[in-house]
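Architecture and fold: a report
Residues per chain are reported as follows:
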Amino acid sequence: MSHYYEEMEESFRNSFEPAPGPVAEAKIRPWEKTQLVGKGVPRVDGYERVSGAAQYTADIVLPDMLYAAILRCPHAHAMVKSIDTSAAEKMPGVLAVLSGKSPGADLPWYGGKAAQSKLFDTHCRHEGEEVAAVAALTPYQAADALRAIRVEYETLPFVLDPAAMQPSAPKLYEGGNAVGEPRIVKRGDVAQGFAEADVVLEETFYTSVQMHATMEAHGSVAKWDGDKLTLWDSTQGVYDGVLFGAARALNMPFNKIRVICKYMGGGFGAKLEVGKYSIIAALLARKTGRPVKAMLPREDTFLCTGNRPEARMTLKAGVKKDGTLTALQLTNLSTPGAYASGTSVGYQVAELYKCPNVLVSESGYYSNAGRARPFRAPGFPSGNWCLEQMMDMLAVKLGMDPVELRLKNFTEVSQTRQVPYTSTGLKECLLQGAKAFGWQEARAAKKSDGPVRRGFGMAAGMWSGGNGSPPYTAEVRLFVDGGITIKTGAMDIGTGTKTVACMVAAEELGVPLESVRIENADTAVTPYGQSSGGSMTLPGLIPAVRKGAWLVKQQLLAWGAEALGVPAEDVELKGNAIGSRSAPDKKKPLEELLRANGVMDVIGIGNRDPNPPKKAINPFGAHFAEVEVNTRTGEVRVVRLLGANESGRVINQKTFHNQVFGGMTQCLGFALTEKRVLDRQTGKMVNANLHDYKVPTALDVPVQHQVVAVDPQDTECNLVGCKGLGEPAHIPTASAIANAIYDAVGVRPTHGPMEPKTILELLAKKKRG
Amino acid sequence: MPSTISFLLGRKPVTIDFCGSAAWSPAWTLLQYLRSLPDRKGTKEGCGQGDCGACTVVLAEPDREGRLKYSAVNSCLLFLPMVHGRQVLTVEDLKFPDGSLHPVQQAMIDHYGSQCGFCTPGVVMTLFALFKQKPHASAAEIRSALAGNLCRCTGYQPIFRAAQQCLALSGPERESSEEGSTLAELNSIPPAEWEWTGKSEIYCRPKSLEQALEMIGRNPTLSPVHGATDLSLQVHLKHNPPPGILDLSAIPELRASRQEKEELILGSGMSLSDVAGHVRRTHPALEEMLQRFGSAQIRNVATLGGNVGTASPIGDALPALMAYGAAVELKSLAGSRTVPLSDFILGYRRTGIAPGEIIAAVRLPFPPPGARIRAYKVSRRHDVDISTVNGAFRLQLDSDGRIREARLVFGGMSPFTRRAAGAEQALLGKEWSRAAAEEAAARLQEDFQPISDVRGSAGFRRQVAANLLLKFWSDTRSGQAP
């Protein structure tokens, strides 16, 4: 359906050179000293979250509400020959059955303008594709009715791997299985670069398919009032994701659809677009005249809501004796599954280090498996996996310290765009991180020769997003009693947006945090905000919030100066009054001041300003790991992690730490335990549940986990000086763990995840020589 | 005949009569019941199969000393009648009447223990049970308690810190003035015994062993169940309910243990966490395996009888039980018999249980002095994971250091847990040396033909099984503690 994320990715990868903003904005200066910003503050919605009061989409219950269930294709590749719903329609409690033939259900889906499929397509290209749906009085009746639908399938041969590129392979599309043309990024001349190198290494790498495994399943509740539709949806974007997508699918005006998502149980990229379930709920609700809830069962979320695609990478690197990189050449072959989605991994290879000669070539093929979706820093943990293990290999070969090698190739100029970064904390992340970790001491210590070996590794990384850009609107409203309410359509998917927005408004207006309230993510009420993705909500929204608050302040100061007869610089907001700093007896109640100006509130509309021209804005980080490897069982225990991250100004220390802990832990799963397993015989996923798909538990995370927050004092990137953190905190962890494993046992786990089996095989291979 | 259960939901007494109710059936899970109530939406469904802990609630019931005992459980696995006579506490029950938060909730806020928040109510309930039951929990115990609560956002560190903060509180914060009256109310609920027949299912709930034997004697197709951690999945996930359910969870004698001269007798209905507490000193290898069995929430309801009766090829308690020479005590209307566990398990999920019999107890002999016993589990994730391979080993040495008796028991290597006859034979009469261990390990290749599946390949299983014997040797060779 929507190619939103890919388009967004495209927009921040291309240089964004906006026109200069209005003159008035020049007056908003960086804060010199802050009262609140930079401290560690608990969440403003903590009470709701810990008391069970927070209402998620899964918790919505409306009078007369029906429950939807979706019938899915059990085959990896099949044509639906016929569907007989007559028995299901007669089942107790069943009020509606929907299939591709139902009115309004013949909708194009996937692949943007050149749609590749339909809401219910007779050509099912992977296990779990939607075939029909029912609405019934209870979820159990709906599930029973699904089993009464008779579907005749013609099963087709399927393909899961690069064999899809062979001419004889089963075809997903008439035009063949290639996903477009290879994507090439080229700089300089790699042949010359390799010729200049003293050392050239080449290695193949592989990363497996990782699943988002959000704690709340995907789902939607739809309710019609006449021609108006309300959708409560578990989404990362009420506007770009659900509203625009649903309006397009249902051919409705934007203001006739209201999308609400106040609390959302995890997205990580899997909830960026309108789901088929949302539209199915809306169609069933229209058909029955009753509200309909469609929450996906856990298994369906594994089959049909996205994944991080696999990557088959070959990286060749040339380096001089002193560690200077001369050339990097990457090829990547991947599959987005059955429908188009981004699979690129090469950005860091072309950008992270100073390197004059780069060639990246990436291609993809369609396969009969669930479709890829953006997953926390799409492509970056995989690209980092090959680049940062290669850097480690080069360091070993050169006899150079891995931190030193990275410092040697540090750059303050964006390599792909050839413009300077507004700030780059990579050097400080490497230095401060190594110091806090005790890197040199740890690497110098003598290794045990027992069956359990200890090792230390590190990796650096960066993120192509994290800059934020227009459009975002924040409405900041001051009540006559001095209270503030912020309204924004931006999401808080758990990342802490609401808390930092309140902190920034409080800082700007000089009021206590308790005076600020925020309401968000309701398209009928709150102004536009982008989807939460790309680590762009903070740097996108927060400058807009500051600007809205600043505008409120300017208005107050102007009116106050007039009313008190003092200069505007002398006016301050004090509770529910304004007063003069120099003459404390001069003050006026806010209500009096506002009424005198014909209003009962002051509203500042903060629009996000453009980013500075000819500058790159990116966040950076360096992660360090200590592991124990059991050479008898192949088990790896990560005993210590340290994340040093630079994402501009730290607004809330607690939020910052939390993002780094969580981002690194998700990447620890990517490193050690997480992978989708497809059965070669049937093409079906065999671990579509939270037991066989291994998300790290409290016992898998390290006992010691440290965070180093590097603040580069960036005054250029935006009005607040902040960059995004959620994704950069996730990127280099797996590579750091892999490098630590090499340090421990001298084998390089180039294929992830690094399961006990993989480690044992590598050790056996090494022993055989 | 009324089919009634009574329990406390928070502070409110609740009685449900399944006969009079069109809404509930006894095979409903506690989670389904809670989620159907307007004011209990805090308890979340994450997976519906006991893997994520989002649905964690706390059950309180009188313990042997007459105090309230609090256990965190997965409400998605528990059949509703199993809460009879207990207090069910959900996240909504923790805050004080004035709306102020419980110390565990406050600690979660202070340490930013919540991001998306969907797992948070379950985490809060796990911490609440810890706060009540184990105020001096170590850092390792805190992590172990939380291993059954998946969190995809926070990386757990903020939750560990929240746990430490709330557990550091002592004194009045920990006491609740209502506990006395709760105890009195729970004690006033009489045991309930009934048989319920629905459209296609039967649910029997005896309160005594005699009654249970009578029911299953009359209807041998009943499936006996204690904690329902396995059967519940069959009913709700696979939509394949058995013809009838015999709920043994209300029978006090099955939940009791006693010690005789040469053995411990563990009631089949004792929870695994209860068993772990009983065998800590006498059977440490079993205790260690039990600590890695499922999650804390699972261990609080799953039972030894259930694990033995299910006879899964990778049942985590089975190798250690066999290594200790455990026997199964079976009862029926015809009488009772005792069968060694290694003879009881006959095949893939198949045992020697006769129609009309139930597993009443597991008899666990005390190991003789000097026996070298260890149990190991290899899985892809440390906890809350099914074993790829598990093993338990026991050696008895003569005074001259030669091996007199060897028991090498493996799970995950064949369709059912069993001893490695060839490898055992190879050890007899030998000194316990690396060479002996290697020779036994080589013999394993004939003892087992493992399969490849999602948890590991056949080759990996062979390699790990062999290596576990080497690990056993290095853990128990002379000079090491026996």
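Residues numbered from 1 in each chain as written. Chains lettered and ligands numbered in written order. Predicted model: local features only at pLDDT ≥ 70, side-chain atom pairs only at ≥ 80, totals over all residues. Heavy atoms only, no water.

1. Things to note about the overall build of chain A
Broken down by element type, chain A carries 19 helices and 28 strands. In summary, chain A has a C-alpha radius of gyration of 27 Å against a globular reference of 27 Å for 769 residues, a match within 12%. Split into buried and exposed, the 769 residues of chain A put 65% on the buried side. The long-range share in chain A, meaning contacts at least 24 apart out of those at least 6 apart in sequence, stands at 81%. A total accessible area of about 26900 Å² is found for chain A, and carbon and sulfur atoms account for 52% of it. (Helix = DSSP H or I, 4+ residues; strand = E, 2+ residues; numbered from the N terminus. Rg over C-alpha atoms; globule rule 2.2 N^0.38 Å. Buried < 20%, exposed > 50% of the residue type's maximum accessible area, 1.4 Å probe, protein only. Contact = heavy atoms within 4.5 Å. Areas by Shrake-Rupley, 256 points an atom, 1.4 Å probe, with all protein chains shown as cover.)

2. Details of the domain arrangement of chain A
Residue and element names in this part refer to chain A. Under the domain assignment, chain A is made up of domain 1 (4-30 + 468-607), domain 2 (57-156 + 213-304) and domain 3 (311-466 + 614-768). For domain 1 versus domain 2, the distance between C-alpha centres works out to 38 Å. Each partner contributes residues to the interface: domain 1 has 22 residues there, and domain 2 has 18 residues. Here domain 1 packs against domain 2, burying approximately 1600 Å² in sum over the two surfaces, 51% of which is carbon and sulfur. When residues of domain 1 are sorted by the area they lose upon contact with domain 2, Met-491, Ile-493 and Thr-523 head the list and together hold 34% of the total. (Domains from an automatic or database assignment. Buried area = accessible area lost by both parts, 1.4 Å probe.)

3. Overview of the environment of Arg-29 of chain A
Here Arg-29 of chain A shows up in the loop between α1 (4-13) and α2 (46-51). Note: C-alpha distance between Arg-29 of chain A and Val-720 of chain A (691 residues apart in sequence) is 9.0 Å.

4. Some points on the domain arrangement of chain B
Taken domain by domain, chain B consists of domain 1 (1-192) and domain 2 (370-482). Each of domain 1 of chain B and domain 2 of chain B has a C-alpha centre, and the two are 40 Å apart.

5. Observations concerning the packing of aromatic side chains
Residues and elements named next belong to chain A. Enumeration according to the criterion identifies 31 aromatic pairs over all chains in this entry. Aromatic side chains Phe-302 and Tyr-693 sit 5.6 Å apart centroid to centroid with 50° between the ring planes, which places their arrangement in the tilted category. Here the residue Phe-302 occupies a position in helix α8 (residues 298-304), and Tyr-693 occupies one in the loop between α17 (653-672) and β28 (704-710), the gap between them amounting to 391 residues. For the pair shown, Phe-302 and Tyr-693 are each scored as buried. (Phe/Tyr/Trp six-rings, centres within 6.5 Å; stacked < 30°, edge-to-face > 60°.)

6. Thoughts on the pattern of salt bridges
A complete count under the given rule lists 73 salt bridges over all chains for this structure. Across the pair Asp-743 of chain A and Arg-443 of chain A runs a salt bridge, and its minimum N-O distance is 3.6 Å. Placement of Asp-743 of chain A in helix α18 (residues 733-745) and of Arg-443 of chain A in helix α13 (residues 439-444) is noted, with a sequence separation of 300 residues between them. A relative accessible area of 26% means that Arg-443 of chain A is categorised as partly exposed. Of the charged contacts in the structure, one is a salt bridge between Glu-179 of chain B and Lys-132 of chain B, with a shortest N-O distance of 2.7 Å. You can see Glu-179 of chain B sitting in helix α6 (residues 179-187) and its partner Lys-132 of chain B sitting in helix α3 (residues 120-133), a full 47 residues away along the chain. (Salt bridge = Lys/Arg side-chain N within 4 Å of Asp/Glu carboxyl O.)

7. A closer look at the interface of chain A and chain B
How big an interface is tends to be stated in terms of accessible area lost as the parts join. Each partner contributes residues to the interface: chain A has 71 residues there, and chain B has 67 residues. Buried surface at the junction of chain A and chain B, summed over both partners, amounts to about 6000 Å²; 57% is from carbon and sulfur atoms. When residues of chain A are sorted by the area they lose upon contact with chain B, Val-50, Met-215 and Arg-632 of chain A head the list and together hold 14% of the total. Put simply, chain A and chain B have 3 salt bridges between them. Residue Asp-59 of chain A is joined to Arg-35 of chain B by a salt bridge in which the shortest nitrogen-to-oxygen separation is 2.8 Å. Connecting chain A to chain B are 28 residue pairs in polar contact (both at pLDDT 80 or more). Among the secondary structure elements, those contributing two or more residues to the side of chain A that touches chain B are α2, α4 (139-148), α17 and α19 (756-768) of chain A. In terms of residues, the side of chain A that touches chain B owes the most to one element, α17 of chain A, which gives 8 residues. (Polar contact = N/O pair within 3.5 Å; in protein donor to acceptor, adjacent residues only side chain to side chain.)

8. Thoughts on the nonpolar core
What tends to happen in soluble globular proteins is that the nonpolar side chains get buried as a cluster. Core analysis: the biggest nonpolar cluster contains 91 residues, and Leu-394, Phe-624, Val-627, Ile-737, Ile-741 and Met-754 of chain A have the highest contact counts within it. The dominant element in this core, judged by the number of residues it contributes, is helix α10 (residues 380-398) of chain A, at 10 residues. If sequence neighbours within four positions are ignored, Leu-394 of chain A has contacts with Val-199, Leu-201, Ala-317, Val-319, Leu-325 and Leu-405 of chain A. Grouped together as the second largest cluster of nonpolar side chains are 69 residues, Val-209 and Met-215 of chain A together with Ala-107 and Met-108 of chain B included. (Core = buried A, V, L, I, M, F, W, Y, C linked by side-chain atoms within 4.5 Å.)

9. Thoughts on the state of the cysteines
Tallied over the entire structure, the rule returns 0 disulfides over all chains. Left without a disulfide partner, Cys-502 of chain A is nearest to the cysteine sulfur of Cys-722 of chain A, which lies 15 Å away. A relative accessible area of 0% means that Cys-502 of chain A is categorised as buried. A disulfide-free cysteine, Cys-76 of chain B has its sulfur positioned 3.7 Å from the sulfur of Cys-55 of chain B, the nearest such atom. (Disulfide = S-S within 2.5 Å.)

10. Some details on the side chain of Lys-498 of chain A
Residue and element names in this part refer to chain A. Within the secondary structure, Lys-498 sits in helix α14 (residues 497-509). At a separation of 3.0 Å, a polar atom in the side chain of Lys-498 contacts the side chain of Asp-45. When residues no more than four places from it in sequence are discounted, the contact partners of Lys-498 are Val-44, Asp-45, Lys-262, Tyr-263, Asp-492, Ile-518 and Asn-520.

11. Comments concerning the pairing of strand β3 (residues 56-62) of chain B
Residues and elements named next belong to chain B. In terms of burial, β3 is largely enclosed, as 6 of its 7 residues are buried. Of the pairings in the sheet, the one linking β3 to strand β4 (residues 68-74) comprises 7 bridges and is antiparallel in character. Along β4, the bridge assignment pairs Glu-61 with Lys-69. If you look at the hairpin formed by β3 and β4, you'll find 5 residues sitting between the two strands, and Gly-66 has a positive phi there, around 85°. In this sheet, strand β5 (residues 87-89) lies alongside β3 in antiparallel orientation, the contact comprising 3 bridges. Residue Ala-60 lies in a different strand from β5, and its bridge partner there is Gln-87. (Pairing = 2+ DSSP bridges.)

12. Observations regarding the sheet that holds strand β11 (residues 219-225) of chain A
All names here are of chain A. Spatial ordering of the open sheet is given by β3-β7-β1-β14-β11-β12-β13, a layout of 7 strands whose pairing is mixed. Strand pairing shows two members of the sheet lacking a second neighbour, β3 (94-99) and β13 (257-260), which therefore form its edges. Here the strands of the sheet are splayed against their neighbours by 20° on average, with no regard to which way each runs. Each of β12 (228-233) and β13 is contacted by helix α6 (residues 238-250), which is oriented at about 150° to β13, the strand it contacts most. (Axes fitted to C-alpha atoms, helices over the stretch in contact; angles between N-to-C directions.)

13. As for the sheet that holds strand β9 (residues 244-247) of chain B
Think of a sheet as strands paired side by side through backbone hydrogen bonds, with each pair either parallel or antiparallel. All names here are of chain B. Read from one edge of the open sheet, 4 strands run β6-β7-β9-β8, paired in mixed fashion. Bordering the open sheet on either side are β6 (194-197) and β8 (222-225), each of which pairs with just one other strand. Recorded for the sheet is a direction-independent mean angle of 15° between the axes of neighbouring strands. Both β8 and β9 contribute to a ladder of 4 bridges, which runs parallel. Within the sheet, the bridge partner assigned to Ser-223 lies in β9 and is Ile-245.

14. Some points on the confidence of the model for chain A
All names here are of chain A. Averaged over all residues, the pLDDT of chain A is 95; the fraction at 70 or higher stands at 97%. Contacts for the low-pLDDT stretch residues 1-5, under 50 throughout, to residues beyond four places or in other chains number 24 contacts. In this model, residues 7-26 is a region of pLDDT below 50 whose contacts with residues beyond four sequence positions or in other chains number 28 contacts. (pLDDT = per-residue confidence, 0-100.)

15. Let's talk about the environment of Ala-460 of chain A
Residues and elements named next belong to chain A. Following the sequence through the fold, Ala-460 ends up in strand β18 (residues 452-462). Along the primary structure Ala-460 and Leu-426 are separated by 34 residues, whereas in three dimensions their C-alpha atoms are 7.8 Å apart. For Ala-460, the contacting residues outside a window of four places in its chain are Leu-352, Tyr-353, Asn-384, Glu-388, Arg-406, Leu-426, Leu-430, Gly-621, Ala-622 and Pro-732.

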